[in-house]
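Residue-level structure breakdown
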Amino acid sequence: MEKFYIYGSIGWDVDAAYTRAFLEEADDTEDIAVHINSPGGDLFEGQAIVSLLESWKRQTGRQVHVYIDALAASVASVIAMAGDTISISQNSMIMIHKPWVSNTSGSAPELRSLADLLDKTEDTLLSVYER
């Protein structure tokens, strides 16, 4: 089984380009083991990683097995949902929360628009968790 490690922040330490490069080189006759220890990170990078993993599964007919080694927080918990199996040890944790932004500024209409975007992203995240 091929091993892929998501250790660190999504979008900084691990991103969609890194994931794509791994999947392009992966042996498509074997399943993949994704090991996660991440505080989360960029929502859209995480969503791209989920899409890449799901696309790889469809193309190869193989499975993704997720192992939460310590922490799958925020968008890393969404990536974990791409697993056909998800294993978590007693000393590991998953953290799920509503989408949020930091360091924002703007006019009232811009902030209302941002709130609408947060609501939309929450709906997409919930669909991943539900599936």
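All chains use their own residue numbering, which begins from 1 and follows the written sequence. Local features in a predicted model are, by the rule used here, given only for residues with pLDDT of at least 70; side-chain atom pairs are given and counted only at 80 or more, and totals for whole chains, interfaces and linings are based on all residues. For the side-chain quantities, the full set of heavy atoms in the structure was used; hydrogens and water were omitted.

Every axis in this analysis is a line fitted to C-alpha atoms, fitted for helices over the stretch in contact. Angles between the N-to-C directions lie between 0 and 180 degrees. Each helix corresponds to a stretch of at least 4 residues labelled H or I by DSSP, and each strand to a stretch of at least 2 residues labelled E; elements are numbered beginning at the N terminus. Viewed as axis vectors pointing N to C, helix α2 (residues 43–60) and helix α4 (residues 108–130) meet at an angle of 30 degrees, and their least axial separation amounts to 12 Å. In this view, α2 runs roughly parallel relative to α4, as classed from their interaxial angle. Note that α2 runs across α4; the crossing there is left-handed. For the pair formed by α2 and α4, the contact residues are L43, F44 and Q47 on the first element and T121, T124 and L125 on the second. Each angle receives one of four descriptions, namely roughly parallel if under 35 degrees, roughly antiparallel if over 145, roughly perpendicular if within 65 to 115, and oblique otherwise. Handedness of a helix crossing follows the sense of rotation of the near helix relative to the far helix, less than a right angle counterclockwise being left-handed and clockwise being right-handed. Contact between two residues is taken to exist if any of their heavy atoms lie within 4.5 Å; hydrogens are not considered.

Attention now moves to the environment of I49. In this fold, I49 is placed in helix α2. Per-residue accessibility, obtained with a 1.4 Å probe over protein chains only, is compared with the maximum for each type, and a residue is labelled buried under 20%, exposed over 50%, and partly exposed between these values. According to the relative accessible area criterion, I49 is buried, its value standing at 0%. It is 6.8 Å that separates the C-alpha atoms of I49 and I79, two residues lying 30 residues apart in sequence. Those residues in contact with I49 that sit more than four places away from it in its chain are I10, V14, D15, A16, T19 and I79.

Turning our attention to the packing of aromatic side chains. Stacked, tilted and edge-to-face are the three classes assigned to paired rings of Phe, Tyr and Trp, where Trp is represented by its six-membered ring and a pair needs centres within 6.5 Å; plane angles under 30 degrees give stacked, over 60 edge-to-face, the rest tilted. Throughout the structure, instances matching the rule amount to three aromatic pairs. Here the aromatic rings of Y5 and Y7 are separated by 5.4 Å at their centres, their planes lie at 90 degrees, and the arrangement is edge-to-face. Judged by its relative accessible area of 36%, Y5 falls in the partly exposed class. Judged by its relative accessible area of 39%, Y7 is partly exposed.

What follows deals with the pattern of salt bridges. In what follows, salt bridge is the name for a side-chain nitrogen of Lys or Arg lying within 4 Å of a carboxyl oxygen of Asp or Glu. As enumerated under the stated definition, the model contains five salt bridges in all. Between R20 and E24 there is a salt bridge, with the nearest N and O atoms lying 3.9 Å from each other. Residue R20 and its partner E24 are located together in helix α1 (residues 16–25), separated by four residues, close to a single helical turn. When its relative accessible area of 43% is taken as the criterion, R20 is described as partly exposed. Assessed through its relative accessible area of 56%, E24 is described here as exposed. Where E54 meets R131, a salt bridge forms, and the shortest distance between an N and an O atom there is 2.7 Å. Residue E54 is located in helix α2, and its partner R131 is located in the segment after α4; the two are separated by 77 residues in the primary sequence. E54 sits in the buried class, given a relative accessible area of 19%.

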